[in-house]
Amino acid sequence: VWKSFPELTSWKQSYSELLSRYDILILRAGSKSGKTEMANAMFGCVWEQLIEDLPAPNLRTFDLGIHDAILFDNVNSAKFILDNRGLLMARNKCHQLSQTATGWFTYCSYLHRVPIIVTMDVEKPWPADSDWLNENCVVISLPPGEKFYIPSNAESTRDVDAVSSVRALNIVSKQQNLTLDWVFS
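Residues numbered from 1 in each chain as written. Predicted model: local features only at pLDDT ≥ 70, side-chain atom pairs only at ≥ 80, totals over all residues. Heavy atoms only, no water.

1. With respect to the overall build of the protein chain
Across its full length, the protein chain carries 6 helices and 7 strands. Sequence-ordered secondary structure for the protein chain, helices as α and strands as β, is α-β-α-β-β-α-α-β-β-β-α-β-α. Here the protein chain holds 185 residues, and 42% of them are scored as buried. Taking contacts inside the protein chain between residues at least 6 apart in sequence as the whole, the part at least 24 apart equals 67%. Taken as a whole, the protein chain presents about 10,300 Å² of accessible surface, with 52% of it coming from carbon and sulfur. (Helix = DSSP H or I, 4+ residues; strand = E, 2+ residues; numbered from the N terminus. Buried < 20%, exposed > 50% of the residue type's maximum accessible area, 1.4 Å probe, protein only. Contact = heavy atoms within 4.5 Å. Areas by Shrake-Rupley, 256 points an atom, 1.4 Å probe, with all protein chains shown as cover.)

Structure, rendered in structure tokens:
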């Protein structure tokens, strides 16, 4: 069972409106707090990329016909957000990525109205004095040790992992048009 956050509900509802750009959802908490699993549970088919210290995303495999949200997981610095802010705001614009001097590897990503979620560990610095981040991000930050889910018993962590595994199978089946028979034990 996921915890409820009013700011999360408002953020999701903003995508029902036609806006020129949208806020970025930032989930900050400790390791094993359910950040990634909660982000994946919010939408049907989330495209996910592990960022860590990458300077820019690689969206070549993102498919607007399949994916209904983007998750940039385990971002180590707010610099990633600030350096890629035009793209992350889901603006009504085609964004050129992988630009080189020759332009050979450049491609375009159109992300208007695609919800963008970023996860960060709570111990990573967050510049609270950044006007841009304060105006353009919805930040849900949990103190160390707190979880995004409500543990119901000792099996709760395993249950969260099982949900992630089923979601991964759903994504594969959508991408490859597979029919899967589910067997649970």
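After presenting the structure, the write-up continues.
2. With respect to the nonpolar core
Ranked by size, the top nonpolar core spans 45 residues in total, and within it Phe-72 and Ile-81 carry the most contacts. Residues contacting Ile-81, with those up to four places away along its chain left out, are Ile-24, Ile-26, Leu-88, Val-118, Met-120, Trp-126, Trp-132, Leu-133 and Cys-137. (Core = buried A, V, L, I, M, F, W, Y, C linked by side-chain atoms within 4.5 Å.)

3. Considerations on the packing of aromatic side chains
Under the definition given, this model contains 8 aromatic pairs. Here the aromatic rings of Tyr-15 and Tyr-22 are separated by 4.5 Å at their centres, their planes lie at 15°, and the arrangement is stacked. You can call Tyr-15 buried: its relative accessible area is 9%. Judged by its relative accessible area of 2%, Tyr-22 is buried. Joined through ring pairs, the aromatic side chains of Trp-11, Tyr-15, Tyr-22 and Phe-43 make up one cluster. (Phe/Tyr/Trp six-rings, centres within 6.5 Å; stacked < 30°, edge-to-face > 60°.)

4. Quick notes on the side chain of His-112
Mapped onto the elements of the fold, His-112 is located in the loop between strand S5 (107-110) and strand S6 (116-121). Residue classification places His-112 among the buried residues on the basis of a relative accessible area of 11%. In terms of polar contacts, His-112 uses its side chain to reach the backbone carbonyl oxygen of Leu-19, at 2.8 Å. (Polar contact = N/O pair within 3.5 Å; in protein donor to acceptor, adjacent residues only side chain to side chain.)

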